[in-house]
Amino acid sequence: MNSPALHPKNLWKPFLIAAALAFIYATALAKLGRDWWTDENYSHGLLVPFVIGYIVYLEFDELKKAVSKPSLLLGGALILFALVMLLGGTLGAELFTQRISLVVMLLGIIVYFFGVQIVKSLVVPFALLLFSIPIPQIIFNKIAFPLQIYASQMAVWGIRLFEVPSVRKGNVIEILPNGATQIIALEVVEACSGIRSLMTLVTLALVLTYFSAAKQPNGGSKTFDFLKNFDFWRAIILMLSAIPIAIFTNAARVTATGVLTYYYGKRATESTLHEASGWLVYVAALGLLLLLNFGLKKVQSSKFKVQSQTKSQISNFKFQIDQEPKTKDQRPKTKNQIYALLAALLIGGIFINWFNQRGETAIARKPLSEMPAQLGDWRQKGGEIRFDAATESVLRTSDYTMREYVTPNNRLANFYIGYYASQRTGATYHSPQNCLPGAGWVMKEPEYVEIKTASGKVFTANKFIIENGVYNEVLIYWYQGRGRATASEYADKLNTVQDSVLRRRSDGAMVRVMTSVGNSEADATRAAIDLAAQAADQLAEFVPE
């Protein structure tokens, strides 16, 4: 593995590039490390850099052979695109975009110096890096909630096998302990849905395939020869199998908790054994993954008669195409390549950090607690409703109000506004489509409704019918901020990026109205629209335009 490129006199080059990347991505990397340390869904990310380093160490000789003519144009384009992604993600408070920007940047630098061919030999390290990056919350919740429902359904089926009576409402399982008079509700939250083990299992599946793959000759010459490689398909099968394995093992955990709750009451959900069962789920899931891999290896050895069972090289997963002969002339003849890259990174880093550190425009506003108690015919009933500390820590609002309003004919509605003074720190709206299902609500019949205010404002809002047990409600919500009201979370995110650049503002709010369907959905919808319109005319003082 000795190489002239590793001579001490050449180490200043990668050191300067690494320092420039650290300067540009310091904030993004710090937040990513914090997420790896605190978010159990992605705690495997702490080990991923070491695994990638070990793989590169094993493959170093193969990587040297894969070096080809530098692709300055493509590499430069990827580097520029990564800087644009980082700027957009920074201004739009989208951590995922910032982190994916780092992956694109690394890809661009590799292509810029070593050509396109070597990328094919780095498929596994790049895949591992991608799997360690937390996906956007809106996508994460769309994955987590179906898993919660599946785990709930399987758990109820398992609980009833033990003749324990139970009722499922969304992702909440209600059990009346033996001899008790009070029902205990077991909420199948993300931790019990399989999402935590799923993220880790997919990563482990890829690592397992890599280290157990058979060494095969690199004789292919066609672009899609990798499709004939059984190890490639074994990796796909193992990664896909992580989904049912995660659901099954976590459903088993919920089943055991439900049965124990029936016999031992609330103690079963608060004991050390319940906490330890989370680790047992990981062990069981890993065992099933290893068992499946063992079976696939048996199929592989019997069908393809692999001659060698040594550790794999990344080249097993390479897209085989004709390569140009390697010569010393293909390498940069001057230092201009490095100087050009460093200049681009430093200029881009200074520009992005300046945007990030310049602060936001201070906007005067009234606290939401001063929202009028009278909105048209609607009159506030009771005082402010506050969330518990755990919920507030998740919402991370700068200010919020939740209260009930009632009409003269006694129609009751719940009204909520969550305001964020800045979204650059990562604190941002929590869509009802993500939050309510996690509390057991079933959302259906989505549509858009038009809100017309007395002052002449017209905007579109989301409408859902939501159900939770005996409760049946009309829900209307929209995103409000900086003079805009929109139903789309994605459109609001684009508006946030634009306003962050042009107006130095990323403040905004999510506004929600809920009222019981009662005897008429049409009447309930009209009432919810009326309260939304009355509130919208008052928002400018509390959610500045």
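Located above this text is the structure these notes cover.
A. Representation of the nonpolar core within the structure. Residues Tyr25, Met105, Ile109, Leu128, Leu341 and Leu345 are the most contacted members of the largest nonpolar core, which totals 63 residues. Broken down by element, the residue count for this core peaks at 10 residues, all from helix α5 (residues 95-114). Non-local contacts of Leu345, meaning those with residues more than four positions away in its chain, are made with Ala20, Leu21, Ile24, Ile79 and Met105. Ranked by size, the runner-up nonpolar core spans 32 residues in total, among them Phe415, Val449, Ile451 and Ala535.

B. View of empty space enclosed by the protein. For the coordinates displayed, the defined rule picks out 1 cavity of 30 Å³ or more. Within this model, the largest cavity holds a volume of roughly 30 Å³. Lining the largest cavity, in full, are Tyr25, Ala28, Leu29, Leu32, Gln98, Arg99 and Leu102. Mapped by element, the contributors of at least two residues to the lining of the largest cavity are α1 (12-38) and α5. With 4 residues, the single largest contributor to the lining of the largest cavity is α1. When its residues are assigned to classes, the lining of the largest cavity shows 5 nonpolar, 1 polar and 1 charged.

C. Inspection of the packing of helix α2 (residues 48-58) against helix α6 (residues 123-131) at higher detail. Running from amino to carboxyl end, α2 crosses α6 at an angle of 180°, the nearest separation of the two axes being 10 Å. The orientation of α2 relative to α6 falls into the category roughly antiparallel. Where α2 abuts α6, its residues Val48, Val51, Ile52 and Ile55 lie against Val124, Pro125, Leu128 and Leu129. Across the contact of α2 with α6, the residue classes tally to 8 nonpolar, no polar and no charged.

D. Main features of the pattern of salt bridges. A complete count under the given rule lists 17 salt bridges for this structure. A salt bridge links Lys65 to Glu62, with the nearest nitrogen and oxygen atoms 3.9 Å apart. In this pair, Lys65 and Glu62 both sit in helix α3 (residues 60-66), 3 residues apart, roughly one turn of the helix. Residues Glu541 and Lys366 are paired through a salt bridge, measuring 3.3 Å at the closest nitrogen-oxygen approach.

E. How the structure looks around the packing of aromatic side chains. Across all of its chains, the model carries 12 aromatic pairs by this definition. When the ring of Phe387 is compared with that of Tyr400, the centres are 5.3 Å apart and the planes differ by 35°; the resulting orientation is tilted. Of this pair, Phe387 sits in the loop between β5 (378-381) and α14 (389-395) while Tyr400 sits in strand β6 (residues 399-406), and the two are 13 residues apart along the sequence. For Phe387, a relative accessible area of 24% translates into the label partly exposed. With 6.0 Å between their ring centres and 80° between their planes, Tyr405 and Phe415 make a pair best called edge-to-face. You can see Tyr405 sitting in strand β6 and its partner Phe415 sitting in strand β7 (residues 412-420), a full 10 residues away along the chain. Of the two residues, Tyr405 and Phe415, both sit in the buried class. The positively charged end of Arg365 is found above the aromatic ring belonging to Tyr419, 4.0 Å away from the centroid. Directly above the aromatic system of Tyr400 lies the positively charged group of Arg386, at a separation of 3.9 Å from the ring centroid.

Conventions and cut-offs
- Residues numbered from 1 in each chain as written.
- Predicted model: local features only at pLDDT ≥ 70, side-chain atom pairs only at ≥ 80, totals over all residues.
- Heavy atoms only, no water.
- Core = buried A, V, L, I, M, F, W, Y, C linked by side-chain atoms within 4.5 Å.
- Buried < 20%, exposed > 50% of the residue type's maximum accessible area, 1.4 Å probe, protein only.
- Helix = DSSP H or I, 4+ residues; strand = E, 2+ residues; numbered from the N terminus.
- Contact = heavy atoms within 4.5 Å.
- 1 Å grid on protein atoms, 1.4 Å probe; cavity = no way out; pocket = protein on both sides within 12 Å on 5 of 7 lines; lining within 4 Å.
- Points joined across faces, edges and corners; volume = space filled by probe spheres on them.
- Nonpolar A, V, L, I, M, F, W, Y, C, P; charged D, E, K, R; others polar.
- Axes fitted to C-alpha atoms, helices over the stretch in contact; angles between N-to-C directions.
- Parallel < 35°, antiparallel > 145°, perpendicular 65-115°, else oblique.
- Salt bridge = Lys/Arg side-chain N within 4 Å of Asp/Glu carboxyl O.
- Phe/Tyr/Trp six-rings, centres within 6.5 Å; stacked < 30°, edge-to-face > 60°.
- Lys NZ or Arg CZ within 6 Å of the ring centre and 35° of its normal.

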